[in-house]
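An overview of the molecular structure
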Amino acid sequence: MIKFNVADIKKKLMAETSFRMEVQPGELDLSSQDLPVIGKISIEGNIENAGDVLLMKAHLQAKVKRVCSRCLKEFEAQTEAQVEERYFPAETDELPEDALTYKFDVVDITEALREGLIVNEPVQPLCKADCKGLCPICGADRNVVDCHCDTRTIDPRLQKLAELLHK
Ligand SMILES: [Zn+2]
Ligand SMILES: [Zn+2]
């Protein structure tokens, strides 16, 4: 849990509190299923009194494990995420939908940081931009071996379908 007491900055418009820390993934409620982080996560940011709301900005950095979507190899990558979130006092009338709130002068930014890192992960990670992937015929890692399979061959069932479509 990462919480800040904002009693002081609430007293003055534009007042802010900045933070810089290194935390274990567990402190952001991140399990290895959510995101396999290696080591600690560095976080740097600030919370500013922006009038009706508190504005939180943070930059996160961590080393993570990813699985290449082409060759299925596990690799390590450096990830960075920028998070910006507004927190409304819980007693605000007519809160916007999905608004994040705080009460008793304590803001909990755990969830915003956690999500920031998760949504930042690529849907199709690549171990390298030009990863050649696995051969669809023999399964060889084409970054390592040249298996000489003819990958232009069309599945015979698809061939039939192609002929039918052309009639
Ligand atoms: Zn790869
Ligand atoms: Zn092959």
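The coordinates are above.
All of the points below concern the structure found in this document. These figures come from a predicted structure and were not determined experimentally.

A short note on helix H1 (residues 110-119)
Of all the positions in H1, only Thr110, Ala112, Leu113, Arg114, Gly116 and Leu117 are classed as buried. Next to the buried residues of H1 lie strand E3 (37-49), strand E4 (54-67), strand E5 (74-89) and strand E7 (106-108).

Examining the coordination of the zinc ion (ligand 2)
Surrounding the zinc ion (ligand 2) are the protein donor atoms Cys135 (SG), Cys138 (SG), Cys147 (SG) and Cys149 (SG), which sit 2.2 to 2.3 Å from the metal. With relative accessibility at 4%, the residue cysteine 135 sits in the buried group.

Looking at the pairing of E4
Only one face of E4 is buried, namely the one carrying Leu54, Met56, Ala58, Leu60, Ala62, Val64 and Arg66, since none of Leu55, Lys57, His59, Gln61, Lys63, Lys65 and Val67 on the opposite face is buried. Sheet analysis places E3 next to E4, joined by ten bridges and oriented antiparallel. Looking across to E4, one finds that glutamate 44 is bridged to histidine 59. Between E3 and the antiparallel strand that follows it, E4, lie four residues; glycine 51 among them carries a positive phi value of about 95 degrees. Judged from the 14 bridges that link them, E4 and E5 form a sheet pairing that is antiparallel.

Digging into the coordination of the zinc ion (ligand 1)
Every protein donor of the zinc ion (ligand 1) is listed here as Cys68 (SG), Cys71 (SG), Cys127 (SG) and Cys131 (SG), and their distances to the metal cover 2.3 to 2.4 Å. Viewed at the metal, the four donor atoms of the zinc ion (ligand 1) are separated by angles of 105 to 113 degrees, and the geometry they form is tetrahedral. Of note, the zinc ion (ligand 1) draws all its donor residues from one chain, in the sequence arrangement C-x2-C-x55-C-x3-C. With relative accessibility at 24%, the residue cysteine 127 sits in the partly exposed group. The exposure class assigned to cysteine 131 is buried, which follows from its relative accessible area of 4%.

Thresholds applied
Residues numbered from 1 in each chain as written. Chains lettered and ligands numbered in written order. Predicted model: local features only at pLDDT ≥ 70, side-chain atom pairs only at ≥ 80, totals over all residues. Heavy atoms only, no water. Buried < 20%, exposed > 50% of the residue type's maximum accessible area, 1.4 Å probe, protein only. Helix = DSSP H or I, 4+ residues; strand = E, 2+ residues; numbered from the N terminus. Contact = heavy atoms within 4.5 Å. Donors = N, O, S within 2.8 Å, 3.2 Å for Na, K, Ca; no water. Pairing = 2+ DSSP bridges. Tetrahedral: all angles 85-135°; square planar, octahedral: opposite > 155°, others 65-115°.

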